[in-house]
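Breakdown of the fold
If you want the building blocks of each chain, they are given just below.
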Amino acid sequence: MSRFTPLGARLAAAGAALAVTCALTAGTAQATEDRETYPVGGVGTALKNYALSPDKVAGANDWNCKPSGEHRKPVVLVHGTFFNSGANWVALSPMLANAGYCVFTFNYGMHPLLSLNRVGGLKSVASSGEQMKAFVDKVLKATGAQEVDVVGHSQGGLVANYYLKRLGGADKVDVNIGLAPSNHGTTLSGLTTLAEKLHLLGFVNGLFDFAGTQGVKDQIVDSDFQRELFADGDTVPGVRYVVVATTKDWVVTPYKNAFLQGAGVENITLQDQCPDDPASHIGLFNDSPTLQNVLNELGPDVPDFKPECKDYGLVL
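In what follows, the accompanying structure is described. Predicted model, so just to flag it, every value in this text is computed and none were measured.

Backbone torsion omega between Thr 253 and Pro 254 reads -10°, so that peptide bond is classified as cis. Tracing the backbone shows Pro 254 in the loop between β5 (240-245) and β6 (265-269). Positive phi, close to 55°, is recorded for Ser 154, a residue that is not glycine. Residue position: Ser 154 is located in the loop between β3 (148-153) and α6 (155-166).

Okay, structure coming up:
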């Protein structure tokens, strides 16, 4: 004869279920506690990384990371001209990793003599796009994901667009976010416009060729590269595009050259959200409203999102 009454049996079963639930909860809590929290860097960290760890930044390139159900897509970060991944992503990389994303980044466009393994984005955008293609394939293979999301700063946004339009990247990217991307080129604060009026633009382009900085030349307004890339429109189907630009930009000029036109595009001007935000081109790397926008676009994608207007980035 069983030593449990029907009521006792039910109580025993409930107790067992409670014990299992507690164990699972404890395990989940322990896993959360065990997950490393990465420090979010600022200007000082960026300067240190630029010199000492140009290809390493907190939160990125854990090749054992597997996307979670909440964050199914790895995020690939693409740095800007003259920068490297170690410096460019000292804030965003750890923020994304702390939020549960698998984060990856790489250096591109390094000149064998001029770059000193630190100054990126010098070689042609087309060759840098090929580097991005190989890196995204590596990320997808390592993580088992079907697609990645991309965040590119400055030339990084242009490299991403070349990858999407000319190298088949549209099949492997879901969301493409550009931070002050040099999409439609720059007058370099009017310098190339002045050179053109003085009939010196050919001389300026020759200097870029002599210096081996095709990546800079490709970003000039109306360059051969610009005309070819956007001759058939700004975007390709299947990708959601987001551009964050600042009216204070002195690198991509005019600043609206960063914007894209087409289906699935969202163009954001920071000062429409935070009128007092002084962050300029470089300063978007540590500008809180910019980073809040990125987290929203990659995550909940709240319509008419408004960031908290505080902790502004550099006025550079």
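Back to the write-up after that little detour.
On to the layout of surface pockets. Quantified by volume, the largest pocket comes out at close to 580 Å³. Around the largest pocket sit 28 residues that line it, and Thr 81, Phe 82, Phe 83, His 281 and Ile 282 are the ones nearest its centre. Looking at the lining of the largest pocket, the elements that each hand over two or more residues are α2 (43-52) and α3 (85-88). For the lining of the largest pocket, the leading source of residues is α2, giving four residues. Of the residues belonging to the lining of the largest pocket, the class tally is 18 nonpolar, ten polar and no charged.

What follows deals with the pairing of strand β1 (residues 75-78). Along β1, one buried face is formed by Val 75 and Leu 77 and the opposite face, lined by Val 76 and Val 78, is buried too. As paired strands, β1 and strand β2 (residues 103-106) are joined by four bridges and run parallel to one another. If you follow Val 76 over to β2, its bridge partner there is Phe 104. Here β1 pairs with β3 via four bridges, running parallel. For Val 76, the partnering residue across the bridge sits in β3 and is Val 150.

Glancing now at the nonpolar core. By size, the foremost hydrophobic cluster in this structure holds 37 residues, and its most contacted members are Val 76, Met 132, Val 148 and Val 150. Secondary structure elements with two or more residues in this core: β1, β2, α5 (125-143), β3, α6, α10 (224-229) and β5. Apart from residues no more than four positions distant in its own chain, Val 150 is found in contact with Val 76, Val 78, Met 132, Ala 160, Val 173, Val 175, Asn 176 and Ile 177.

Bringing the packing of aromatic side chains into the picture now. The full count for this structure, using the stated rule, is seven aromatic pairs. Aromatic side chains Tyr 50 and Phe 83 sit 6.0 Å apart centroid to centroid with 85° between the ring planes, which places their arrangement in the edge-to-face category. Of this pair, Tyr 50 sits in helix α2 while Phe 83 sits in the loop between β1 and α3, placing them 33 residues apart in sequence. Between Trp 63 and Phe 135 the ring centres are 5.8 Å apart and the planes differ by 75°, which places this aromatic pair in the edge-to-face class. Remark: Phe 135 occurs in helix α5 and Trp 63 occurs in the loop between α2 and β1; sequence separation between them is 72 residues. Its relative accessible area of 11% is what places Phe 135 among the buried residues.

So, how was this worked out
Residues numbered from 1 in each chain as written. Predicted model: local features only at pLDDT ≥ 70, side-chain atom pairs only at ≥ 80, totals over all residues. Heavy atoms only, no water. Helix = DSSP H or I, 4+ residues; strand = E, 2+ residues; numbered from the N terminus. 1 Å grid on protein atoms, 1.4 Å probe; cavity = no way out; pocket = protein on both sides within 12 Å on 5 of 7 lines; lining within 4 Å. Points joined across faces, edges and corners; volume = space filled by probe spheres on them. Nonpolar A, V, L, I, M, F, W, Y, C, P; charged D, E, K, R; others polar. Buried < 20%, exposed > 50% of the residue type's maximum accessible area, 1.4 Å probe, protein only. Pairing = 2+ DSSP bridges. Core = buried A, V, L, I, M, F, W, Y, C linked by side-chain atoms within 4.5 Å. Contact = heavy atoms within 4.5 Å. Phe/Tyr/Trp six-rings, centres within 6.5 Å; stacked < 30°, edge-to-face > 60°.

By themselves these figures say nothing about function.
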